[in-house]
Amino acid sequence: MAFHALNMASVHSVIALLALASGSAAMASSSSAAAGPTGLSYPSGFDMKVSWANLSPYADALDFSVSKGFPSECELSQVHVLHRHAQRYPTQWPLDGGGMETFAQKLANYTKRHPSKKIGTGPLAFLNDWEYMLGLNTLLPTGAATEATSGALFWSQYGRLLYRADRGDASWNASLNVYSNGTSRPKPTFRTTSYPRILESARWWLSGFFGNTGANSSYSEYNLVIIPEVDDFNNTLSATDSCPKGTEPGDNAAEAFAPTLVKDAHKRFAAYLPEDLKLDTIDIVAMFNMCPYEYATLGQSSFCALFTEKEWRDFEYFADLQFYGNYGFGSPSGRAQGIGYVQELAARLQSKLIMSSDSSINYTYDDNTKTFPLTQPMYMDMSHDDIIVSVLTALGLDYFKYSPHGMPTSVSQAPRRTFNLNQLTPFGARLFSEVWTCPKDISFKNLQPQKYKNPDLSSESNTTDYIRFVLNNAPVPVDGLTACDGSVNGFCPVEKFLSSIPDLNKEAMYQEACFGDYNITSQVGNGQPRKP
């Protein structure tokens, strides 16, 4: 989960969850076990990796009810990339690494007290030889590979078009970095936070984009702006550091749903454990988490075979509740946390520097072209999963909104929804803001699956620039952005999008949402502390 956003309200919420654990276990003992098999495969063909929420390995999103493809007559003018780090060790957050360490210590303490006893039998027999092998926070080799692959794919899909690579140009070279008149552009500049796994993710992504021929460093090809990720420091790529309120409702929602998540597994596991070894709610959550983390670290995990298809779907919902209520439309500061990046995107689209801030923007970085360059063909900002969620929220995109009252917790199983973290923010998630220059009367109804040539429309008159948001290689509908009403397949005129920014700023209510005198502990409906 997003440990970098940890605050005292969240800590108190998790403490409450720990207090709930014994009650959850009691309820579990009187519940019937879930129907359906456990194991590494399921009769339905279900792939458990799609229910690992934000711990899922990267895969393209299926779709967001918008057609994929590219307009053949348009010029791809610019792409803005907001990227998540990739596979990492867990954090110290109690619902993440902290819980797994506690679970491992519980087993170690039991073995120390009962050296002649086995811990587990049947499907839990592996616990007799199991050791906790995970560290904290570090980007993993699998994460480095995910980022390098993402950078290389971006070069192949977008970079070749943006920089007009010729036949035979397999990878980037500096001679491509020129304006349309042939004069050289400045060295491209990209941004990251200072948090080690974010910084390393940025380096690996850029090594993939720039080719890194011969596995030599590609550092000389670009400039990298490293913005400190520390408490009370404005940084749009880690906005919760400067927006301390509004991240409690998601934890509370997950706490309420936790008994539903663990009850059947708790009863099932009890049959294979000593009677005097009691697992609580947080232990079962830890066992769920061990599966994706060991998969990322070791390539496989014995924990993965312990749960049913329904339980994996409920596990994802458990995580979705946290993110929806802490960073999405269910959070009173959901819009505020993402508005800074939206403002920066608008500034770049207008080739304007930012000289003041009323959000998470740090204008000492954005008031000069050295650290906030303008007119680049592409931008890449390396960040966190919660930032992607909050940017989608700040844009007001209705597709990811559940209801005026948030997502339900008093349910027997995960409900159908369009807010699924495995589709939004798997490891290595990426949100592209594409800018297209199109001739008059362009139609976006029939898109081609592959774009081979990028036409140069710089000398054409009567062209219009459009923006399209693409999340994990799937275009996003812009319903909710009222200025973009009538857009086809997500293509919105840039001028109309920019006209919506003042309203988006107002709807974010940044000062009130981040610092206001309110006490909202349950989910809201529109990412705001109150109705405007």
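See the structure above.
Residues numbered from 1 in each chain as written. Predicted model: local features only at pLDDT ≥ 70, side-chain atom pairs only at ≥ 80, totals over all residues. Heavy atoms only, no water.

> What should I look at first to understand the overall build of the protein chain in this one?
What the protein chain contains, in helices and strands, is 14 helices and 8 strands. Rg of the C-alpha trace for the protein chain: 24 Å, near the compact-globule value of 24 Å for 532 residues, within the 12% margin. Principal axes of the C-alpha set define a box for the protein chain whose edges measure 80 × 55 × 45 Å. The proportion of buried residues among the 532 residues of the protein chain is 58%. Per element, the accessible surface of the protein chain, about 21,300 Å² overall, is 51% carbon and sulfur. For the protein chain, the separation between the mean place of its 41 positive charges and that of its 52 negative charges on side chains is 3 Å. (Helix = DSSP H or I, 4+ residues; strand = E, 2+ residues; numbered from the N terminus. Rg over C-alpha atoms; globule rule 2.2 N^0.38 Å. Buried < 20%, exposed > 50% of the residue type's maximum accessible area, 1.4 Å probe, protein only. Areas by Shrake-Rupley, 256 points an atom, 1.4 Å probe, with all protein chains shown as cover. Lys, Arg positive; Asp, Glu negative; His and termini not counted. Charge placed at Lys NZ, Arg CZ, Asp CG, Glu CD.)

> Can you help me understand the state of the cysteines in this one?
Put plainly, two cysteines are in a disulfide when a covalent bond ties their sulfur atoms together. A full pass over the atoms with the stated rule returns 4 disulfides. Here Cys-74 engages in a disulfide with Cys-438; their sulfurs sit 2.1 Å apart. When the S-S torsion is 115°, as for the bridge of Cys-74 with Cys-438, the disulfide is right-handed. Separated by 364 residues along the polypeptide, Cys-74 in the loop between helix H1 (8-29) and strand E1 (75-84) and Cys-438 in strand E5 (residues 430-438) bring together distant segments of the chain. Comparing Cys-74 with Cys-438, the two get one shared label, buried. Between the sulfur atoms of Cys-484 and its disulfide mate Cys-492 the distance is 2.0 Å. Of note, the bridge from Cys-484 to Cys-492 carries an S-S torsion of about -75° and is left-handed in sense. Owing to a relative accessible area of 4%, Cys-484 belongs among the buried residues under this scheme. Looking at the protein chain, its bonded cysteines, counted consecutively from the start of the sequence, adopt the pairing 1-5, 2-8, 3-4, 6-7. (Disulfide = S-S within 2.5 Å.)

> What is the right way to look at the nonpolar core in this model?
Across soluble globular proteins, nonpolar side chains show a tendency to be buried alongside one another. In this structure, Leu-127, Phe-269, Met-287, Phe-303, Trp-312, Phe-469 and Phe-497 are the most contacted members of the largest nonpolar core, which totals 101 residues. Residue contacts for Phe-303: discarding those within four places in its chain leaves Phe-103, Phe-126, Leu-127, Trp-130, Met-287, Met-290, Cys-291 and Glu-294. Core analysis: the second largest hydrophobic core is formed by 36 residues, Cys-74, Val-79, Met-378 and Met-380 among them. (Core = buried A, V, L, I, M, F, W, Y, C linked by side-chain atoms within 4.5 Å. Contact = heavy atoms within 4.5 Å.)

> What is the right way to look at the pairing of strand E6 (residues 464-471) in this model?
Burial of E6 is extensive: 6 of the 8 residues sit out of reach of the surface. Across 8 bridges, the pairing between E5 and E6 is antiparallel. From the neighbouring strand, Phe-432 faces E6, where its bridge partner is Val-470. Bridge count between E6 and strand E8 (residues 492-493): 2 bridges; the pairing is antiparallel. Counterpart to Tyr-466 in the pairing with E8 is Pro-493. Judged from the 2 bridges that link them, E6 and strand E7 (residues 474-475) form a sheet pairing that is antiparallel. Bridge pairing in E7 places Val-470 opposite Pro-475. (Pairing = 2+ DSSP bridges.)

> Can you walk me through the pattern of salt bridges in this structure?
Once their charged atoms are close, side chains differing in charge can pair, the charge on each being opposite to the other. Applying the stated criterion across every chain yields a total of 20 salt bridges. Residue Arg-164 pairs with Glu-75 through a salt bridge whose shortest N-O separation is 2.6 Å. On the criterion of sequence distance, the pair formed by Arg-164 in the loop between helix H3 (141-162) and strand E2 (189-193) and Glu-75 in strand E1 is long-range, its members being 89 residues apart. Given the relative accessible area of 33%, Arg-164 is considered partly exposed. Linking Glu-434 and Arg-468 is a salt bridge whose minimum nitrogen-to-oxygen distance equals 2.8 Å. Residue Glu-434 is located in strand E5, and its partner Arg-468 is located in strand E6; the two are separated by 34 residues in the primary sequence. Residues joined by salt bridges that share partners form a network here, namely Arg-191, Glu-344, Arg-348, Asp-366 and Asp-381. (Salt bridge = Lys/Arg side-chain N within 4 Å of Asp/Glu carboxyl O.)

> Even after reading the chapter, I still don't get the packing of helix H2 (residues 97-113) against helix H6 (residues 281-298), so can you show me in this structure?
Helix-helix packing: each pair is described by the crossing angle between the helix axes and the interaxial distance. Contact geometry of H2 with H6 gives a least axis separation of 8 Å together with a crossing angle of 110°. Comparing the axis directions of H2 and H6 gives the class roughly perpendicular. Here H2 contributes Gly-99, Met-100, Phe-103 and Lys-106 to the contact with H6, which in turn contributes Asp-283, Ala-286, Met-287, Asn-289, Met-290 and Tyr-293. Its residues assigned to classes, the contact of H2 with H6 shows 6 nonpolar, 2 polar and 2 charged. (Axes fitted to C-alpha atoms, helices over the stretch in contact; angles between N-to-C directions. Parallel < 35°, antiparallel > 145°, perpendicular 65-115°, else oblique. Nonpolar A, V, L, I, M, F, W, Y, C, P; charged D, E, K, R; others polar.)

> Where do I start with the pairing of E1 in this structure?
Remark: a regular strand shows side chains that alternate across the two faces of the sheet. Most of E1 sits inside the fold, with 9 of its 10 residues counted as buried. Note: E1 against E5, 8 bridges, orientation antiparallel. Bridge assignment links Leu-82 to a residue of E5, and that residue is Leu-431. As defined by bridge partners, E1 adjoins strand E4 (residues 378-383) across 6 bridges and the pair is classed as parallel.

> In this structure, what is going on with the side chain of Arg-191? I would like to understand it.
Tracing the backbone through its elements, the reader meets Arg-191 in strand E2. On the basis of relative accessibility, which here comes to 3%, the residue Arg-191 falls in the buried class. Separated by 2.7 Å, the side chains of Arg-191 and Glu-344 make a polar contact. (Polar contact = N/O pair within 3.5 Å; in protein donor to acceptor, adjacent residues only side chain to side chain.)

> What is the right way to read the packing of aromatic side chains from this model?
To describe a pair of aromatic rings, one takes the distance between the centres and the angle between the planes. Tallied over the full model, the rule gives 42 aromatic pairs. Ring geometry for Trp-312 versus Phe-315: centroids 5.6 Å apart, planes at 85°, classification edge-to-face. On the criterion of helical spacing, the pair formed by Trp-312 and Phe-315 is a turn pair, its members being 3 residues apart in helix H7 (residues 309-327). What makes Trp-312 buried here is its relative accessible area of 0%. Residue classification places Phe-315 among the buried positions, given a relative accessible area of 1%. When the ring centre of Tyr-518 is taken as reference, the NZ or CZ atom of Lys-245 above it lies at 4.1 Å. Above the ring of Phe-329, the side-chain terminus of Lys-401 is found at 4.9 Å from the ring centroid. (Phe/Tyr/Trp six-rings, centres within 6.5 Å; stacked < 30°, edge-to-face > 60°. Lys NZ or Arg CZ within 6 Å of the ring centre and 35° of its normal.)

> I'm lost on unusual backbone geometry in this one. Help?
Negative phi is the rule for most residues except glycine; trans is the rule for most peptide bonds. The residue Arg-164 is not glycine, and still its phi comes out positive at about 50°. Phi angles above zero are rare outside glycine, and Asn-462 is one such case at about 60°. As for its placement among the helices and strands, Asn-462 is situated in the loop between E5 and E6.

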